[in-house]
Amino acid sequence: MSRIIVAIDSLKGCLTSAEANQAAAEGIRSVMPDAAIVQIPVSDGGEGWLDAFHSAVGGMLVDVCVKDPLLRPIMAPYLIVGDTAVIEMAKASGLTLLAPDERNPLVATSYGTGQLIVDAVRRGCRHIIVGLGGSATSDCGMGMLRAVIDSFAKHQLWDDVRALDDVRFTIATDVTNPLCGEHGAAFVFAPQKGATPAMVAALDARARHFAAVSALHFGHDRQNEPGAGAAGGLGYAFMQYLNAERRSGIDLLLETIRFDELLQDAALVITGEGSADRQTLMGKLPFGILQRARRVPVVLIAGRISDRQLLLDAGFSQVEPISPPELPLEEAMNPATAKRNIASLMKKLNL
């Protein structure tokens, strides 16, 4: 009996990871009814991070009333497993929480993410894993820090915060950008959050000032470390102020679910994402899976494909588009259509 692992990333604005996996599994069963199919919801730290961890390890979901990026009250979930909390920052501070005309990274705040951390600490969590991705913010994590200070510091000074002394932080992101400069949080990511060129310059200047002041205070400076620019500089705040360890999101998840053990009897792995191109090979989720799979063939499917030969040369056994090339994008993005196309593609692959 063939054992096939299906681990497809979410198709943003279309399907969750679990939905994409299910569509693929149905297609596989139609041609291989006896196949043993293992479906693994996956995420690299962005959309679907919380669901992927919950599916992998169980635990208790906790809903908390927090502030959204514009300081409006919303309910946001996080996961508790033993003394570990798993947080998807986009649940409290994500771009999808804002209407297009509300996007403004000059005012959007990560305060709500800080409130989730506070709640987790108060419930006794001593390891906090935060998935960074899908943020609406470019505040260098100042909002998150302010929420922590508001809750734990008597005199509004960071040095007074002792509640976090024995709490370990891990940030999950595949972003390697520094905090400032042309490759930093503002210049690379803020435009997609609604920033104009003038706003980008202002955000970068604000980040430089915050990093300079922070470096003077602590005597060290982590603004240039890989990942400091993740989630609008939230990565920097975690590393500079909370001594967080940065991990590849997909590596952390695959370790948690013991992916290497699942591979031992597998004949094939099917992974995918919304758009696959040369950037896929720069640490994105399908490439993380490819690196782990080693001798097991890995099929890559995607809504849009560029640099196909480069992807094949990197080691993917097959690289195939989910939708027919003539299908209009709007129709291809329809969830029902996408599910049908994924299922149909499975029948055409060399399984």
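Basis of the calculations
- Residues numbered from 1 in each chain as written.
- Predicted model: local features only at pLDDT ≥ 70, side-chain atom pairs only at ≥ 80, totals over all residues.
- Heavy atoms only, no water.
- Pairing = 2+ DSSP bridges.
- Helix = DSSP H or I, 4+ residues; strand = E, 2+ residues; numbered from the N terminus.
- Axes fitted to C-alpha atoms, helices over the stretch in contact; angles between N-to-C directions.
- Contact = heavy atoms within 4.5 Å.
- Parallel < 35°, antiparallel > 145°, perpendicular 65-115°, else oblique.
- Left-handed = near helix turned anticlockwise from the far one by under 90°.
- Nonpolar A, V, L, I, M, F, W, Y, C, P; charged D, E, K, R; others polar.
- Phe/Tyr/Trp six-rings, centres within 6.5 Å; stacked < 30°, edge-to-face > 60°.
- Buried < 20%, exposed > 50% of the residue type's maximum accessible area, 1.4 Å probe, protein only.

A closer look at the sheet that holds strand β2 (residues 36-39)
(1) Moving on: Taken in spatial order, the five strands of this open sheet run β2-β1-β9-β10-β11, and their pairing is parallel. A single partner strand is all that each edge strand has here, and the edge strands are β2 and β11 (318-321). Averaged over all adjacent pairs, the angle separating strand axes in this sheet is 20°, with direction ignored.
(2) Moving on: Relative to strand β10 (residues 298-305), strand β9 (residues 268-276) is paired through seven bridges, and the arrangement is parallel. Counted as the bridge partner of valine 269 is valine 298 from β10.
(3) Moving on: Packed on one face of the sheet, helix α1 (residues 17-31) meets β1 (3-8), β2 and β9 and runs near 150° to β1.

Brief notes about the packing of helix α2 (residues 49-57) against helix α9 (residues 249-256)
(1) Moving on: At a minimum axis distance of 10 Å, the contact between α2 and α9 shows a crossing angle of 15°. Here α9 runs roughly parallel to α2, going by the angle between their axes. For the element pair α2 and α9, the recorded crossing hand is left-handed. Of α9, the residues touching α2 (which contributes Trp49, Ala52, Phe53 and Val57) are Gly249, Leu252, Leu253 and Thr256.
(2) Moving on: Classifying every residue of the contact of α2 with α9 by side-chain character gives six nonpolar, two polar and no charged.

Considering the packing of aromatic side chains
(1) Moving on: On inspection of all chains with the given rule, the structure shows five aromatic pairs.
(2) Moving on: With centroids separated by 5.9 Å and ring planes inclined at 45°, the aromatic side chains of phenylalanine 169 and phenylalanine 238 adopt a geometry described as tilted. Of this pair, phenylalanine 169 sits in strand β7 (residues 168-172) while phenylalanine 238 sits in helix α8 (residues 234-242); the two residues are 69 residues apart in sequence, bridging distant segments of the chain.
(3) Moving on: For phenylalanine 169, a relative accessible area of 3% puts it in the buried group.
(4) Moving on: An aromatic cluster is defined as three or more aromatic residues linked by ring pairs; in this entry it consists of Phe210, Phe218, Tyr236 and Tyr241.

Considerations on the sheet that holds strand β3 (residues 60-67)
(1) Moving on: Strand order in the open sheet made by the six strands is β3-β4-β5-β6-β7-β8, with mixed pairing throughout. The sheet terminates laterally at β3 and β8 (245-247), the two strands that pair on one side only. In this sheet, neighbouring strand axes are inclined to one another by 25° on average, regardless of whether the strands run parallel or antiparallel.
(2) Moving on: Where α2 meets the sheet, its contacts fall on β3, β4 (73-81), β5 (84-88), β6 (127-131) and β7, and the angle it forms with β4 comes to roughly 30°.
(3) Moving on: Packed onto the sheet, helix α4 (residues 111-122) meets β3, β4, β5, β6 and β7 and runs at close to 135° relative to β3.

Description of unusual backbone geometry
Excluding glycine, most residues fall at negative phi; most peptide bonds, likewise, are trans.
(1) Moving on: Backbone geometry places leucine 71, a non-glycine residue, at a positive phi of 65°.
(2) Moving on: The class for leucine 71 is partly exposed, based on a relative accessible area of 48%.
(3) Moving on: Despite not being glycine, cysteine 140 has its phi angle at roughly 60°, a positive value.
(4) Moving on: Checked against the element boundaries, cysteine 140 lands in the loop between β6 and α5 (142-152).
(5) Moving on: A relative accessible area of 2% places cysteine 140 in the buried class.

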